[in-house]
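# Overview (structure and organization)
Each chain, letter by letter, is given below.
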Amino acid sequence: MKIIDLLRQGNVTISCEIFPPKPGVSLDQIHGVIQGIAATSPNFISVTYGAGGSTSKRTLEIAEEIQEQHQIPALAHLTCITSSRTQINDTLQSLKEHNIENILALRGDMPQDCNPNAPRDFQYAYQLIEEINAQGDFCIGAACYPESHVECPSKEADIDHLKQKVESGCDFLTTQMFFDNNILYKFLYRALAKGIQVPIVAGIMPVTNSNQIKRICELSGTELPARFKAIVERFADHPDAMKQAGIAYATEQIIDLIANGVNAIHLYTMNKPEIAEKIMGNLSDIIRIS
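The notes below deal with the structure included here. Because the structure is a prediction, the values reported are computed rather than measured.

What follows covers the overall build of the protein chain. Of the regular secondary structure elements, the protein chain holds twelve helices and eight strands. Expected size for 290 residues packed as a compact globule is a radius of gyration near 19 Å; at 18 Å, the protein chain falls within 12% of this value. Counting across all 290 residues of the protein chain, residues that qualify as buried make up 51%. Considering only intrachain contacts with a sequence separation of at least 6, the fraction spanning at least 24 residues in the protein chain is 80%. Seen as two clouds, the 24 positive and the 34 negative side-chain charges of the protein chain have centres 4 Å apart.

Below is the structure:
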């Protein structure tokens, strides 16, 4: 099933993310992660794509397992910054052959050992979106950044780039994580004012590890509101308490979003099924009536 068809129904949708293990690490453990997250009955599960396509084969294998064994739509990530057009088209053909029809089209980050000045077939995500549209009947998602992309000079320029993705054939957008819902609401107004009308899925990360969030925020430019900083400072040295507080904070965010009409939620669960299970449990009646 195409994800855009789910989103257009207008019901509350909760999706989760899985990332493949690094090359050389057994896939055995990931089967338990898939089973655990699938047991929470998300509307779809996305599968990430390692830097430079390092986990491309594993992304495909995991997406296929999600669909065939658990009957849950899979969203396969695909990056393009280090890929040739031939490589991208080969990947698209493999996705077709394995009945994967949902793709999250991303530029991707440049690996540290790559020459940034080398000739490339793809420089930006919108070019990948155009290529996917030209090669098959896929549902295409793309990323968006409520606080703007760290490499973008301004919020205005970031929205212009986002509109270009949509005009290139993007069907829906998923946001980078954010911890202040007001940031998302302001972003949604800016997007609407620019004529961006595709569904936007709100990306929520339940923070269960204080060191992890500091590193992620450094890389992404995500701001932490004062009330969340207080949680991290208070519980950083108490892992169980930090986990409980992080789940509670994420749950509160999601409830506020749904109450204000943001019906599509994506959980960055970091391959931890127990987090998805607790949040789904916290939202069970809310999802049921929505």
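So that's the structure; there's more coming.
Within the fold, Ser46 resides in strand β2 (residues 45-47). The class for Ser46 is buried, based on a relative accessible area of 1%. Side chain to side chain, Ser46 and His77 meet in a polar contact 3.5 Å long.

When its volume is computed, the second largest pocket comes out at roughly 400 Å³. Considering the residues around the second largest pocket, the lining is formed by 20 residues, among which Leu188, Pro199, Ile200, Gly261 and Val262 are closest to the centre. When residues of the lining of the second largest pocket are assigned to their parent elements, the largest contribution, five residues, is made by helix α7 (residues 181-193). In terms of residue class, the lining of the second largest pocket is made up of 13 nonpolar, seven polar and no charged.

The interhelical angle for the contact between helix α9 (residues 226-235) and helix α10 (residues 239-259), taken along N-to-C directions, is 165°, at an axis separation of 9 Å. Classified by the angle their axes make, α9 and α10 are roughly antiparallel. When you trace α9 past α10, the crossing you get is right-handed. For the pair α9 and α10, contact is made by Arg227, Phe228, Ile231, Val232 and Phe235 and by Ala241, Met242, Ala245, Tyr249 and Glu252, respectively.

Let's shift gears to the sheet that holds strand β7 (residues 200-204). Pairing between sheet strands relies on hydrogen bonds along the backbone, with the strands arranged either parallel or antiparallel. The sheet built from eight strands closes into a barrel, its strands ordered β1-β2-β3-β4-β5-β6-β7-β8 with parallel pairing. Sheet twist, expressed as the mean angle between neighbouring strand axes with direction ignored, is 30°. In the sheet, strand β5 (residues 139-144) pairs with strand β6 (residues 172-175) via four bridges, with the strands oriented parallel. When the sheet's bridge partners are listed, Ala142 is paired in β6 with Leu173. Across the sheet, helix α2 (residues 28-38) touches β1 (13-18) and β2, and the angle it forms with β1 is around 175°. Sheet strands touched by α7: β5, β6 and β7. Its angle to β7, the strand with the most contacts, is close to 160°.

Counting 64 residues, the largest nonpolar core has Ile18, Ile66, Ile132, Leu173, Leu257 and Ile265 as its most contacted members. Other than its neighbours up to four places away in sequence, Leu257 contacts Phe178, Asn181, Leu184, Tyr185, Ala202, Ile204, Val262 and Ile265.

The phi dihedral of Gln71 is positive, around 55°, even though this residue is not glycine. Within the secondary structure, Gln71 sits in the loop between α3 (56-70) and β3 (74-79). Backbone geometry places Asn271, a non-glycine residue, at a positive phi of 60°. You can call Asn271 buried: its relative accessible area is 15%.

Taken as a whole, this structure holds three aromatic pairs when the rule is applied. When the ring of Tyr124 is compared with that of Tyr126, the centres are 6.1 Å apart and the planes differ by 15°; the resulting orientation is stacked. When the centroid spacing of 4.7 Å and the interplanar angle of 65° are considered together, the rings of Phe228 and Tyr249 count as edge-to-face. Note that Phe228 is positioned in helix α9 and Tyr249 in helix α10, a separation of 21 residues in sequence. Both residues of the pair, Phe228 and Tyr249, count as buried. Among the aromatic residues, those joined into a ring-pair cluster are Phe179, Phe228 and Tyr249.

Burial of the side chains of β6 extends over both faces: Phe172 and Thr174 are buried on one face and Leu173 and Thr175 on the other. Of the crossover connections in this fold, the one passing from β5 over helix α6 (residues 155-167) to the parallel β6 is right-handed. As paired strands, β6 and β7 are joined by two bridges and run parallel to one another. Bridged to Leu173 within β7 is Ile200. After leaving β6, the chain enters α7 and then returns to the sheet as β7, a path that is right-handed.

What follows is about the environment of Ser41. When you line up the elements, Ser41 lands in the loop between α2 and β2. Residues Ser41 and Gly24 lie 17 residues apart in sequence; the distance between their C-alpha atoms is 30 Å.

What counts and what doesn't
Residues numbered from 1 in each chain as written. Predicted model: local features only at pLDDT ≥ 70, side-chain atom pairs only at ≥ 80, totals over all residues. Heavy atoms only, no water. Helix = DSSP H or I, 4+ residues; strand = E, 2+ residues; numbered from the N terminus. Rg over C-alpha atoms; globule rule 2.2 N^0.38 Å. Buried < 20%, exposed > 50% of the residue type's maximum accessible area, 1.4 Å probe, protein only. Contact = heavy atoms within 4.5 Å. Lys, Arg positive; Asp, Glu negative; His and termini not counted. Charge placed at Lys NZ, Arg CZ, Asp CG, Glu CD. Polar contact = N/O pair within 3.5 Å; in protein donor to acceptor, adjacent residues only side chain to side chain. 1 Å grid on protein atoms, 1.4 Å probe; cavity = no way out; pocket = protein on both sides within 12 Å on 5 of 7 lines; lining within 4 Å. Points joined across faces, edges and corners; volume = space filled by probe spheres on them. Nonpolar A, V, L, I, M, F, W, Y, C, P; charged D, E, K, R; others polar. Axes fitted to C-alpha atoms, helices over the stretch in contact; angles between N-to-C directions. Parallel < 35°, antiparallel > 145°, perpendicular 65-115°, else oblique. Left-handed = near helix turned anticlockwise from the far one by under 90°. Pairing = 2+ DSSP bridges. Core = buried A, V, L, I, M, F, W, Y, C linked by side-chain atoms within 4.5 Å. Phe/Tyr/Trp six-rings, centres within 6.5 Å; stacked < 30°, edge-to-face > 60°. Right-handed = clockwise from strand over helix to strand, strands pointing away.

Everything listed here is a matter of coordinates, which is why it stays silent on function.
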